[in-house]
Amino acid sequence: MEGEPKDLMVLNAIAKGYTTEEKIARATGLSTFEVAMIIERLLLNGLIYRREKKGFLGRRKIEVIMTEKGYKELDVRRHELEQKWQRLVTLAEQGKRNEFEREAMGVRSWIPLMLFMGIMDVMMWMTMLNMMNLATQDFMPAGIPGGAGEGYDSGDMGGEYGDMGFDINI
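Residues numbered from 1 in each chain as written. Predicted model: local features only at pLDDT ≥ 70, side-chain atom pairs only at ≥ 80, totals over all residues. Heavy atoms only, no water.

Quick question: what am I supposed to make of the overall build of the chain here?
Counting secondary structure elements, the chain contains 7 helices and 4 strands. For the chain, the α and β elements follow one another from N to C terminus as α-α-α-β-β-α-α-α-α-β-β. Sorting the 170 residues of the chain into buried and exposed places 38% on the buried side. Partitioning the intrachain contacts of the chain with sequence separation of at least 6 by distance along the chain shows that 52% fall at a separation of at least 24. Summed over its atoms, the accessible surface of the chain is roughly 9900 Å², and 50% of this surface lies on carbon and sulfur atoms. (Helix = DSSP H or I, 4+ residues; strand = E, 2+ residues; numbered from the N terminus. Buried < 20%, exposed > 50% of the residue type's maximum accessible area, 1.4 Å probe, protein only. Contact = heavy atoms within 4.5 Å. Areas by Shrake-Rupley, 256 points an atom, 1.4 Å probe, with all protein chains shown as cover.)

Any chance you could explain helix H5 (residues 97-107) here in plain terms?
Taken residue by residue, H5 has Phe100, Ala104 and Val107 as its buried positions. Looking straight down H5, one finds that the buried residues subtend no more than 65° of arc, so they occupy a single side. Among the exposed residues of H5, those pointing more than 90 degrees away from its buried face are Asn98, Arg102 and Gly106. Residues of H5 that are buried in the fold lie against helix H4 (68-94), helix H6 (111-116) and helix H7 (122-131). (Arc of directions from axis to C-beta.)

Looking at this structure, I do not really get the pairing of strand E1 (residues 48-54). What am I missing?
Here is the key point about a regular strand: its side chains alternate between the two faces of the sheet. Inspection of the sheet shows E1 paired to strand E2 (residues 60-66) by 7 bridges, in the antiparallel sense. Bridging across to E2, Ile48 finds its partner in Met66. (Pairing = 2+ DSSP bridges.)

How do you make sense of the packing of aromatic side chains when you look at a structure like this?
For any pair of aromatic rings, the description rests on two quantities: the centre-to-centre distance and the angle between the ring planes. Scanning the model with the defined rule gives 2 aromatic pairs in all. A ring pair is formed by Trp85 and Trp125, whose centres lie 6.2 Å apart and whose planes are at 50°; its orientation type is tilted. Here Trp85, found in helix H4, pairs with Trp125, found in helix H7; they are 40 residues apart in sequence, far enough to count as distant. Ring geometry for Phe100 and Trp125: centres 6.0 Å apart, planes at 35°, overall tilted. In this pair, Phe100 is assigned in helix H5 and Trp125 in helix H7, connecting sequence segments 25 residues apart. Accessibility classification places Phe100 together with Trp125 in one group, the buried group. Counting every residue linked through ring pairs, the aromatic cluster contains Trp85, Phe100 and Trp125. Between Lys16 and the ring centre of Phe116, over which it is positioned, the NZ or CZ distance is 4.2 Å. The cationic tip of Lys84 hangs over the ring face of Trp110; the distance from NZ or CZ to the ring centre is 5.5 Å. (Phe/Tyr/Trp six-rings, centres within 6.5 Å; stacked < 30°, edge-to-face > 60°. Lys NZ or Arg CZ within 6 Å of the ring centre and 35° of its normal.)

What is the right way to look at the side chain of Thr67 in this model?
The residue Thr67 is located in the loop between E2 and H4 in this model. Every residue in contact with Thr67, bar those within four places of it in the chain, is listed here: Gly46, Leu47, Ile48 and Tyr49.

Would you mind showing me how to read the pattern of salt bridges here?
Once their charged atoms are close, side chains differing in charge can pair, the charge on each being opposite to the other. A complete count under the given rule lists 12 salt bridges for this structure. The residue Glu101 makes a salt bridge to Arg97 at a minimum N-O spacing of 3.4 Å. Of this pair, Glu101 and Arg97 both sit in helix H5, 4 residues apart, which is roughly one turn of that helix. Glu101 gets classed as partly exposed once you look at its relative accessible area, which sits at 29%. (Salt bridge = Lys/Arg side-chain N within 4 Å of Asp/Glu carboxyl O.)

What exactly am I supposed to notice about the packing of helix H1 (residues 5-15) against helix H3 (residues 32-44) here?
The description of two packed helices rests on the angle between their axes and on the distance between the axes. Closest axis-to-axis distance for the H1/H3 pair is 10 Å, and the angle between their directions is 85°. Between H1 and H3, the crossing angle belongs to the class labelled roughly perpendicular. Here H1 contributes Lys6, Asp7, Val10, Leu11 and Ile14 to the contact with H3, which in turn contributes Glu34, Ile38, Ile39, Arg41 and Leu42. For the contact of H1 with H3, a count of residues per class yields 6 nonpolar, no polar and 4 charged. (Axes fitted to C-alpha atoms, helices over the stretch in contact; angles between N-to-C directions. Parallel < 35°, antiparallel > 145°, perpendicular 65-115°, else oblique. Nonpolar A, V, L, I, M, F, W, Y, C, P; charged D, E, K, R; others polar.)

Just geometry here; none of it tells us what the structure is for.
In structure tokens form, the structure reads like this:
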């Protein structure tokens, strides 16, 4: 699962209690097709399992549940991402622009996951980029405020954020 931010996003959603493909898709902002493909990979890796449950009016309902291996993998990966975030914060505080820029480009694809997991805050990230006099849009993937996308729909995380049309320089 190395190098798969979307896989970890789905695994994190399952850990948060989203157990159906539809709920996971809404929570993560991924398509139900993407979620279904990711669930198959997670099943093959032994990180989750399927459970059949009786739903409303006796209807069968398929849920996905984390395995112990899944929880361990998520904890390890969360720790790695927290260390990456702390490294960026330290570089920003020290004013090491070149190192910060190199590290920031390395985590660019992981930003949506770090936001989803609550590891980083988008306003803090944008403030750090502005402090380093770096163009926000260069370090934000599509779909994140200030990035190449139209806006960020956070699903169940609190609404939709669009481009405010201004930059803040500190």
